[in-house]
Amino acid sequence: MMKITRTKTYYRCGVCRTDHERKSDAAACEAGGTEARKFKVGDQVDAVGRRQCSLGHRYAASGKIVRIVGPVPYSAEEHGKGFGLWQAGGHIYLYEIATGCAKCGSKTRVRYPGFSLRPQKSKARKAV
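Predicted, not measured: the structure shown is a model, and the values here were computed from it.

A.B. asks: Before we move on, can you summarise the environment of Gly 100 with the specific residues and values?
C.D. replies: As for its placement among the helices and strands, Gly 100 is situated in strand E5 (residues 91-100). Given a relative accessible area of 21%, Gly 100 falls into the partly exposed group. C-alpha of Gly 100 to C-alpha of Ala 60: the two residues are 40 residues apart in sequence and 8.9 Å apart in space. Discounting residues that sit within four places of it in the chain, Gly 100 has contacts with Tyr 59, Ser 106, Lys 107 and Thr 108.

Structure follows, in structure tokens:
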């Protein structure tokens, strides 16, 4: 029996730490740039679209941002088709929201790009 050892070289993007097989791909990934953070942990936000819980109820996702993921490389397949965010490339941040269905009470954490979130309007009104 012989032991066969193969060495494979990968190139890593300095922004998102993604491994690429070609140096040109890693350089193109780095050159894409990064979007600015739009929210911070603890912000109350509403999602633009509606979600569906495991029981089939449709609800508007809203809640508090509990985690910021990224920067992650932009993917037209995931972010373009899924969220309607069409851009040339680069890196984006994903915001993880603690939310849930009001009808059945199921709780979940979901990730949205900043493009799909709106700051929640404050419910407290000023006294006149």
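A.B. asks: Help me get a handle on the pairing of E5, residues and values and all.
C.D. replies: Here E5 lies mainly inside the structure; eight of its 10 residues are buried. Here seven bridges tie strand E4 (residues 58-73) to E5, and the two strands are oriented antiparallel to one another. Looking across to E5, one finds that Arg 67 is bridged to Glu 96. With seven bridges joining them, E5 and strand E6 (residues 107-113) adopt antiparallel strand pairing. Note on E6: the bridge partner recorded for Leu 94 is Pro 113.

A.B. asks: I'd love a proper account of the nonpolar core, names of residues and values included.
C.D. replies: Counting 15 residues, the largest nonpolar core has Phe 39, Val 45, Ile 65, Tyr 95, Ile 97, Tyr 112 and Leu 117 as the members making the most contacts within it. Residue assignment for this core shows that the elements contributing at least two residues are strand E3 (44-52), E4, E5 and E6. By residue number, the principal contributor to this core is E4, which donates four residues. Leave out the neighbours within four places in its chain, and Ile 97 touches Val 45, Ser 62, Gly 63, Lys 64, Thr 108, Arg 109, Val 110, Tyr 112 and Leu 117.

A.B. asks: Outline the sheet that holds E6, supporting the account with residue identities and numerical values.
C.D. replies: Pairing is antiparallel in the open sheet, where five strands are placed in the order E6-E5-E4-E3-E7. Only two strands of the sheet have a single partner each, and these edge strands are E6 and strand E7 (117-119). On average, each strand axis in the sheet is inclined to that of its neighbour by 40°, with strand direction left out of account.

A.B. asks: Pulling in residues and values, what's your account of the environment of Tyr 11?
C.D. replies: Position of Tyr 11 among the secondary structure elements: in strand E1 (residues 11-12). Judged by relative accessible area, which is 32%, Tyr 11 ranks as partly exposed. Sequence-distant contacts of Tyr 11, that is, excluding residues within four places in its chain, are made with Thr 18, Asp 19, His 20, Glu 21, Arg 22, Lys 23 and Ala 26.

Definitions and cut-offs
- Residues numbered from 1 in each chain as written.
- Predicted model: local features only at pLDDT ≥ 70, side-chain atom pairs only at ≥ 80, totals over all residues.
- Heavy atoms only, no water.
- Helix = DSSP H or I, 4+ residues; strand = E, 2+ residues; numbered from the N terminus.
- Buried < 20%, exposed > 50% of the residue type's maximum accessible area, 1.4 Å probe, protein only.
- Contact = heavy atoms within 4.5 Å.
- Pairing = 2+ DSSP bridges.
- Core = buried A, V, L, I, M, F, W, Y, C linked by side-chain atoms within 4.5 Å.
- Axes fitted to C-alpha atoms, helices over the stretch in contact; angles between N-to-C directions.

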